[in-house]
Amino acid sequence: MKILVLGSGAREHAIILALKAEDAGHELLCSPGNAGIAADATLVTVDQLDGRAVAAYADEHGVDLVVIGPEAPLVAGVADALRERGIPVFGPGKAAAQLEGSKAFAKRIMDAAGVPTGRAVRAASVAEVEAAFDDLGAPYVVKADGLAAGKGVIVTSDRAEALAHASQYLPAGPVLVEEFLSGPEVSLFFLSDGDTVRALSPAQDFKRAFDGDAGPNTGGMGAYSPLPWLGEQFGGERAFVDLVTEKVALPVIRRLDAEGTPFIGLLYAGLILTPAGVKVIEFNARFGDPETQVVLPRLRTPLSQLLLAAASGNLEAQPQPEFADDVAITVVLASEGYPEAPQTGRQISGLADAAGIEGVRIVHAATAGPDAPGGDLVATGGRVLNVVAVGSDFADARTRAYEAMGRIGLDGAHYRRDIAAAVAE
Ligand code: AMP
Ligand code: GLY
């Protein structure tokens, strides 16, 4: 198949690596991509936010499937333009992508579908925010309504800090003040063809910048999959996945379909396992980053088959995706100053050495270059790359990942040392 992947991050690199690993001879194209993706796919230039341009490109070049990686092109309606031209595309249209694009929309759909989630109040002024704080109590959770690259949410017991965060976003429109939910978090991905869903294996993301969940929220500093403790709590991963399929994924997919805005693509359920049961913290309309980097290396079913089946309304004919017993962890290398003010333009060394460790892949997020043949790559953003390690158990995978990380040089960079530590005993 000729497959065009839109996006430039580690998620897109992980998707391309999984397609390449099928050994099916796919022709892989990516726009805009990054320096790591360039080694595994052909980089092409098409404006990923311009649906007509993407559709024209796909038509002209005989692309069989377009996979939209990030949320911005989804919210911009790129999938709609492709569907109008009859080009198979994995990714929801503009209307269904509001599930991620607007927290208020997501809450409305969840309410209508009877999906368990935290109680939330829409507040349009400082006075309304204060009233919601009084009503819901501490810790305070405030969410900006639109896309905010992981920076729109604050969870804090400091009322002044919560209020300041709300005030920052209020000029742009109402914010959501949400009930604080406590418990372990799980990211669960569902492929959807608008009607049928197929779940992938659960993963856990590490959102905070520093060890021990200290520091600000980020786009994600690491992840692991599977989650061995889920089995103990729910009687096996399958039982958990079935429960979430029944209580969360299918009701949402059916509701969106009933509203005439079918969700075709990846439904990412961000869940929290509270003492009162599983609740949804958020939905995303695309693969999670960095969870994808640990879920796809364990997937045994060919990814292209699943994506094409979802894009063409044939998921029902697909058996449940199968996963290896191996475990995977990923550790994100971030630039100095990330997430507030990442320093960019610095050279990265040691990548070939790091990739030489068995079971290790370097998945690129924000890399460019080299300027001259044989030179070093340069970091161009906050989350620079992911070290992904697959192993027979978490202790094994951690040893490999951190050994690889130790071989990579980037001045001032930071990464978490505690990814999957709790499950590695
Ligand atoms: P979101 O951008 O909605 O995923 O939120 C970012 C992070 O904030 C989540 O992964 C949680 O760790 C935390 N969070 C969001 N909503 C809540 C909530 N209602 N209660 C506790 N933590 C939350
Ligand atoms: N890992 C969080 C996200 O992809 O939104």
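Residues numbered from 1 in each chain as written. Chains lettered and ligands numbered in written order. Predicted model: local features only at pLDDT ≥ 70, side-chain atom pairs only at ≥ 80, totals over all residues. Heavy atoms only, no water.

J.: Please explain helix H7 (residues 126–136) as it appears in this structure.
T.: For an α-helix, the turn length of 3.6 residues means that residues three or four places apart are oriented alike. Along H7, the residues classified as buried are Val-129, Ala-132, Phe-133 and Leu-136. An end-on view of H7 places all buried positions within 105 degrees of arc, on one side of the element. Exposed residues pointing more than 90 degrees away from the buried face of H7 are listed as Ala-127 and Asp-134. The first or second residue beyond H7 is Gly-137, which carries a positive phi of 75 degrees. (Buried < 20%, exposed > 50% of the residue type's maximum accessible area, 1.4 Å probe, protein only. Helix = DSSP H or I, 4+ residues; strand = E, 2+ residues; numbered from the N terminus. Arc of directions from axis to C-beta.)

J.: I tried to follow the site of ligand 1 on my own but got confused; where do I start?
T.: Surveying the vicinity of ligand 1 reveals 14 residues, the closest of which are Glu-178, Glu-179, Leu-181, Glu-185 and Glu-282. Between ligand 1 and the protein, one listed contact pairs a nitrogen atom with a backbone N or O atom of Glu-179 at 2.9 Å. Against a free-state accessible area of 470 Å², the protein chains account for coverage of 91% of ligand 1. (Near = heavy atom within 4 Å. Polar contact = N/O pair within 3.5 Å; in protein donor to acceptor, adjacent residues only side chain to side chain. Areas by Shrake-Rupley, 256 points an atom, 1.4 Å probe, with all protein chains shown as cover.)

J.: Looking at this structure, I do not really get the site of ligand 2. What am I missing?
T.: Near ligand 2, the surroundings consist of Asp-205, Lys-207, Gly-219, Tyr-268, Asn-284, Arg-286, Gly-288, Asp-289, Pro-290 and Glu-291. With respect to ligand 2, the side chain of Asp-205 contributes an N or O atom lying 2.8 Å from a nitrogen atom. With respect to ligand 2, the side chain of Glu-291 contributes an N or O atom lying 2.8 Å from a nitrogen atom. When ligand 2 sits alone it has 190 Å² of accessible area, and the protein chains cover 90% of it. Tallied by class, the residues present in the shell around ligand 2 amount to two nonpolar, three polar and five charged. (Nonpolar A, V, L, I, M, F, W, Y, C, P; charged D, E, K, R; others polar.)

J.: Would you explain the environment of Phe-234 in this entry?
T.: Relative to the helices and strands, Phe-234 resides in helix H9 (residues 228–234). Ignoring anything within four residues of it in the chain, the contact list for Phe-234 reads Ala-239, Phe-240, Leu-243, Leu-273 and Val-278. (Contact = heavy atoms within 4.5 Å.)

J.: Any chance you could explain the pattern of salt bridges here in plain terms?
T.: Side chains that differ in sign of charge can pair as their charged atoms come close. Tallying each qualifying case throughout the model produces 23 salt bridges. Between Asp-59 and Arg-85 there is a salt bridge whose closest N-O contact spans 3.1 Å. On the criterion of sequence distance, the pair formed by Asp-59 in helix H2 (residues 51–60) and Arg-85 in the loop between helix H4 (78–84) and strand S5 (89–90) is long-range, its members being 26 residues apart. Through salt bridges that share partners, Lys-103, Asp-205, Lys-207 and Glu-282 make up one connected network. (Salt bridge = Lys/Arg side-chain N within 4 Å of Asp/Glu carboxyl O.)

J.: Would you mind showing me how to read the nonpolar core here?
T.: Soluble globular proteins: nonpolar side chains tend toward being buried together. Counting residues in each nonpolar core, the largest one holds 83 residues, and the members touching the most others are Val-66, Leu-82, Leu-99, Phe-240 and Ile-408. The greatest single-element share of this core, amounting to nine residues, is contributed by helix H10 (residues 237–258). Apart from residues no more than four positions distant in its own chain, Ile-408 is found in contact with Leu-333, Ile-348, Ser-349, Gly-350, Leu-351, Ala-354, Ile-362, Leu-385 and Val-387. One finds Ala-223, Val-294, Val-295 and Leu-299 within the second-largest nonpolar core, a separate group that totals 34 residues. (Core = buried A, V, L, I, M, F, W, Y, C linked by side-chain atoms within 4.5 Å.)

J.: Looking at this structure, how should I read the sheet that holds strand S2 (residues 27–32)?
T.: Strands in a sheet are paired, the pairing made by backbone hydrogen bonds, and the direction either parallel or antiparallel. The strand order across the open sheet built from five strands is S3-S2-S1-S4-S5, with neighbouring strands paired in parallel fashion. The open sheet terminates on both sides in strands that have one partner only, identified here as strand S3 (42–43) and S5. Across two bridges, the pairing between S2 and S3 is parallel. Directly across from Leu-29, in S3, lies its bridge partner Thr-42. (Pairing = 2+ DSSP bridges.)

J.: I tried to follow the packing of helix H5 (residues 94–101) against helix H6 (residues 103–113) on my own but got confused; where do I start?
T.: Between two packed helices, the angle of one axis relative to the other and the distance separating the axes together describe the packing. Closest axis-to-axis distance for the H5/H6 pair is 6 Å, and the angle between their directions is 100 degrees. In terms of orientation, H5 and H6 fall into the roughly perpendicular class. Where H5 abuts H6, its residues Ala-95, Gln-98, Leu-99 and Gly-101 lie against Lys-103, Phe-105, Ala-106 and Ile-109. A per-class count over the contact of H5 with H6 returns five nonpolar, two polar and one charged. (Axes fitted to C-alpha atoms, helices over the stretch in contact; angles between N-to-C directions. Parallel < 35°, antiparallel > 145°, perpendicular 65-115°, else oblique.)

Just geometry here; none of it tells us what the structure is for.
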